[in-house]
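# Coordinate analysis (summary)
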Amino acid sequence: MAGITDTAEWRRLEDLAAARPSMRALFDADPVRATAYSLEAAGLFLDYSRNRITDEIRNALIALAETAGLEDARRRLFAGERINVTEGRAVLHPALRDLSGEGFSIDGHDISSAIVRECAKMEAFVSRVHAGELRGRTGKPLDTVVNIGIGGSDLGPQLAVEALRPYWVAGRRTIFVSNVDGQHLADALETLNPDSTLFVISSKTFTTQETMTNAASARNWFLSRGGAAADIAKHFVAISTNQDAVRAFGISPENLFAFWDWVGGRYSLWSAIGLSIALQAGFATFERMLRGAHEMDAHFRSAPIERNMPIMLALVGIWNRNFEKISAHAVLPYDQHLARLPAYLQQLDMESNGKSRRIDGAPVDCKTGPVIFGEPGTNGQHAFYQLIHQGTDPVSSDFIAAALSHAPLGDHHEKLLANFLAQPEALMWGRTEAEVRVLLAKRGDKQTDIDSLAPHMAFPGERPTSSILMEKLTPEALGALLALYEHKIFCQGVIWGINSFDQWGVELGKSLAASILPKIARVGEVKPASAGHDSSTLALLNRINAIRRKG
Ligand code: G6Q
């Protein structure tokens, strides 16, 4: 099967890239460029004008998407076809946010009614906890939730809980425990009262080592603090697709919230995995987030390519990755409540598109997903932005902000927004050495100082950025933003010809440590020298065991 790089559209883009004008030139030539290169959808505004894209390049990118069969792939996704071919699964997270409860099926079997049923179960549970109808073993209200999960069963709920802080139900708190490092759970347990804590064990498979270890330790802690086995039902619930494993853990079916194999882990915050979100911010808030995502789904499904926000964001990414040859992409939310967005998108993007095989098993013929990193603005400005401005490898970036703040404190938000606007401008225009010399002369520097400083203070510019603006970080805006990125990543996967929905690298991680675990000594235990590993692993293992022997 021919790859995407064999197409005339790809070659055309390579030709266009070789002669692409600078951004400075594009902005100088067109005073309304920002209008022509921006879009609005589902309460979000996207300005992608600060990329080295001309009308011709944009048309060629659209042609590339058409050649790659993007519209048909989108249809197949929403039709519930088993597009995750290596796992034989459909990919229907959009069905979870269709509150009308209609229209989604797999192989002719309706799935929407099961979604509606599970949603109603979640809603009833959340309202009974909030009303104090469901209480702990001693009759105390359950005011604290500990979400035990990892990866997709942790990052999404954690991001949303933080992002929705202004909507929190008074008097409630949620703690996330993910790492198998016992310190993570121990730190959380230190702050907990077992009588008022609800443990939410979130695991699609209910076999993940970290989650099962943390869940078992949490249960032991609960039992050692006066809880009886019969009290487990009041303090532990599970969210999983694996009913048998949940039952074997000791959680009854009434306390199990189900989801399905067609919900990928990193796309699961819209399912019952969002229970922690609803418990912290209210079910109505959770529903508003679903509604925002649904609005983006509806836009993605129907808007023509050139007006389609996820597709255009994907095409800009393809341009930067494959034709500008940029291998790192920064996610820069100018919003403290979106502090976990970079980590969330790191998983969503790198786990989905960090692939080097095409769907048909052949090696890919082009670069795929970039390295994603980021921190909230303005913090990042005082740290890694230096490399984005003046490093040897160009980096592309997404700047994200809300025009209105939930915390209108003094002039903080104006200052935040000023930075949100200033950085992309500086990254694009840069500053020539001649401009620096004028600046330094104006401030009265000596000629010798000007000569030595000017090269250091010059910036190359031409660093591509896209800006995403929302009115306010509402549940709807959050939902739309996350759905925007989900669809963007899907579109890029289609163009690169890869399966964005499997994760064999993660599966490897899940099995690798298992063979080494029995060889690690418990503190004070003498373990004979181990074999069967390379000399590096062996030396480290023996050193670890020697230290642990001494205790
Ligand atoms: C997500 C990945 C991965 C997964 C975790 C947790 O798409 O598959 O991050 O979410 O490994 O898996 P469980 O939910 O099965 O515990």
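This text goes with the structure placed above it.
Residues numbered from 1 in each chain as written. Predicted model: local features only at pLDDT ≥ 70, side-chain atom pairs only at ≥ 80, totals over all residues. Heavy atoms only, no water.

Moving on to the site of the ligand. Inspection of the region around the ligand gives 14 residues, with Ser153, Ser203, Thr205, Thr208 and Gln347 positioned closest. In this structure, an oxygen atom belonging to the ligand sits 2.6 Å away from a side-chain N or O atom of Ser203. In this structure, an oxygen atom belonging to the ligand sits 2.6 Å away from a side-chain N or O atom of Thr208. For the ligand, whose free accessible area comes to 400 Å², the fraction covered by protein is 93%. Most atoms of the ligand, that is more than half of them, are within 2 Å of grid points of the largest pocket. Looking at the shell around the ligand, its residues break down into one nonpolar, nine polar and four charged. (Near = heavy atom within 4 Å. Polar contact = N/O pair within 3.5 Å; in protein donor to acceptor, adjacent residues only side chain to side chain. Areas by Shrake-Rupley, 256 points an atom, 1.4 Å probe, with all protein chains shown as cover. 1 Å grid on protein atoms, 1.4 Å probe; cavity = no way out; pocket = protein on both sides within 12 Å on 5 of 7 lines; lining within 4 Å. Sits in = over half its atoms within 2 Å of the grid points. Nonpolar A, V, L, I, M, F, W, Y, C, P; charged D, E, K, R; others polar.)

Counting across every chain of the model gives 25 salt bridges. Across the salt bridge formed by Arg52 and Glu462, the nearest N and O atoms sit 3.6 Å from each other. A residue pair is termed long-range when its members are at least 10 positions apart, and Arg52 in the loop between β2 (44–47) and α4 (55–67) and Glu462 in the loop between α20 (447–457) and β13 (465–470) qualify at 410 residues. According to the relative accessible area criterion, Arg52 is buried, its value standing at 14%. In the salt-bridge network here, residues are joined through shared partners; they are Asp72, Arg75, Arg76 and Glu81. (Salt bridge = Lys/Arg side-chain N within 4 Å of Asp/Glu carboxyl O. Helix = DSSP H or I, 4+ residues; strand = E, 2+ residues; numbered from the N terminus. Buried < 20%, exposed > 50% of the residue type's maximum accessible area, 1.4 Å probe, protein only.)

Right, let's get into the pairing of β2. Sheet topology note: the strand β1 (residues 38–41)/β2 ladder contains four bridges and is antiparallel. Residue pairing for β2: Ala41 is matched across the bridge by Leu44. Adjacent in sequence and paired antiparallel, β1 and β2 are bridged by two residues, among which Ala42 carries a positive phi angle near 45 degrees. Where β2 and β13 come together, four bridges link them in antiparallel fashion. (Pairing = 2+ DSSP bridges.)

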